[in-house]
Amino acid sequence: MIGEVMSRVGFNMRSIGLESSVLDCAKFAADNGIGALELDGRSLWHNVLIREEIRELKILGARYGIDYSIHFPWVTYAGSLDLEQRRQNLIDLEGTIRFADDITAKAIVVHPPYDFSGVPESERGTPEKLLTSRQLTTEFFQHASRTAEDCGVRLCIENGAVGAPESFFNNHHDLVQLVEDINSPCVGICLDVGHAGIWGDGVDVAFETFRPHIRHYHMHDWILPKNGQVVGGSTDHYEVGVEGGNLDLAKYISILQETQAYMMTMEVGHSAVIEEEAQRDPKEMVIRSRKALIEMIPGLAQ
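Since the model is a prediction, treat every value here as computed from it, not as a measurement. (Residues numbered from 1 in each chain as written. Predicted model: local features only at pLDDT ≥ 70, side-chain atom pairs only at ≥ 80, totals over all residues. Heavy atoms only, no water.)

1. Thoughts on the pairing of strand β8 (residues 263-266)
- By the alternation rule, side chains of β8 split into Met 263 and Thr 265 and Met 264 and Met 266, which are all buried.
- Sheet topology note: the strand β1 (residues 8-12)/β8 ladder contains four bridges and is parallel. Residue Val 9 lies in a different strand from β8, and its bridge partner there is Met 264.
- Sheet topology note: the strand β7 (residues 214-219)/β8 ladder contains three bridges and is parallel. In the sheet register, Met 219 faces β8, and the bridge partner there is Met 266. (Buried < 20%, exposed > 50% of the residue type's maximum accessible area, 1.4 Å probe, protein only. Helix = DSSP H or I, 4+ residues; strand = E, 2+ residues; numbered from the N terminus. Pairing = 2+ DSSP bridges.)

2. Section: the confidence of the model for the protein
- Here the protein averages 85 in pLDDT, while 84% of its residues score no lower than 70.
- Considering only residues more than four positions removed or in separate chains, one finds that residues 1-6, a stretch of pLDDT under 50, has 21 contacts. (pLDDT = per-residue confidence, 0-100. Contact = heavy atoms within 4.5 Å.)

3. Notes on the nonpolar core
- One finds Phe 11, Leu 39, Tyr 68, Leu 93, Ile 108, Phe 207 and Tyr 217 to be the most contacted residues of the largest nonpolar core, which totals 82 residues.
- Tallying contributions element by element places helix α1 (residues 22-31) first for this core, with seven residues. (Core = buried A, V, L, I, M, F, W, Y, C linked by side-chain atoms within 4.5 Å.)

4. Brief notes about the pattern of salt bridges
- For the structure on display, the rule yields nine salt bridges.
- A salt bridge links Asp 174 to Arg 134, with the shortest nitrogen-to-oxygen separation between them at 3.0 Å. One end of the pair, Asp 174, is in helix α6 (residues 172-182); the other, Arg 134, is in helix α5 (residues 127-151), with 40 residues separating them in the sequence.
- The buried category is assigned to Asp 174, whose relative accessible area is 17%.
- The partly exposed category is assigned to Arg 134, whose relative accessible area is 28%. (Salt bridge = Lys/Arg side-chain N within 4 Å of Asp/Glu carboxyl O.)

5. A look at the packing of α1 against helix α3 (residues 51-64)
- Contact geometry for α1 and α3: axes closest at 10 Å, N-to-C directions at 10°. Between α1 and α3, the crossing angle belongs to the class labelled roughly parallel. Together, Val 22, Leu 23, Ala 26, Lys 27 and Ala 30 of α1 and Glu 53, Glu 56, Leu 57, Leu 60 and Tyr 64 of α3 make up the contact between the two elements.
- In the contact of α1 with α3, the residues fall into seven nonpolar, no polar and three charged. (Axes fitted to C-alpha atoms, helices over the stretch in contact; angles between N-to-C directions. Parallel < 35°, antiparallel > 145°, perpendicular 65-115°, else oblique. Nonpolar A, V, L, I, M, F, W, Y, C, P; charged D, E, K, R; others polar.)

6. Section: the packing of aromatic side chains
- Under the defined criterion, the tally for this structure stands at four aromatic pairs.
- Each ring, one from Phe 11 and one from Phe 28, has its centre 5.5 Å from the other, and the planes form 85°; the classification is edge-to-face. Here Phe 28 lies in helix α1 and Phe 11 lies in strand β1, a separation of 17 residues in the sequence.
- Residue Phe 28 is classed as buried on the basis of its relative accessible area of 8%.
- Where Phe 207 meets Tyr 252, the ring centres are 4.1 Å apart and the plane angle is 10°; that geometry is what we call stacked. One end of the pair, Phe 207, is in helix α8 (residues 203-210); the other, Tyr 252, is in the loop between β7 and α9 (253-258), with 45 residues separating them in the sequence. This pair shows no difference in class: Phe 207 is buried, exactly as Tyr 252 is.
- Each member of the aromatic cluster is reached from another via a ring pair, and the members are Phe 207, Tyr 217 and Tyr 252.
- Over the ring of Trp 74 we find Arg 14, and its NZ or CZ is 5.1 Å from the ring centre. (Phe/Tyr/Trp six-rings, centres within 6.5 Å; stacked < 30°, edge-to-face > 60°. Lys NZ or Arg CZ within 6 Å of the ring centre and 35° of its normal.)

See below:
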């Protein structure tokens, strides 16, 4: 088995279509013997799901051995200079942590903050604002980590568009520094392999740099455009093993074996702007991608 604690390869619920409810996705996992499901970031689920739906979600998880994780809403304001915006975002994250504890979700994936909300565009990226936003981000996650430690839930900060104008993470080392500054046993990194393939210094560097801190994986393929222009969502999130794809995990087996990740989540077929992907059956893409991953990684539990 890959690692002593990694036991599941699952999918993000958005992968089978935005029209699918949480319970639809859990039932799809149960029907297909898939042992993990990640609730996506379209909603704060503890504010959306009613008591009966939560109860049914817990029953399905227990009956069919489905491990849950949660993707926090996609825009994170941890580094915002707007105090009220940052405060509300922290309340939302702490509510998500408690909900994760309620449904025994293993991890919460959080995007790193990309913008400087509350800062005029002309001032974004200045050294002073960059330093302030990084400090605020560290403090934000330190506060959240205390709730996570009380609940026994992992917060996994995902690598994103490092080096992009709207990002204050210039490289993979910046994300590692953030995790080390937060200094909590419940805070690690979600390595999104597709993101690493199109942003930053590449997949090799991402695996090696994040290696001690990886607690969760997002898996999807990517195809680099001929013009070299990377567009998030339309360049990655292809199904695993797509023709022309670049995902190859063979060289990373030793890292996959040693990292303390509970699960590997497939994020495939997310964007309708991928025209050739949009024409395919999303559920079949999930099944094919899972099969490809299991074949790619010897010993990975199904």
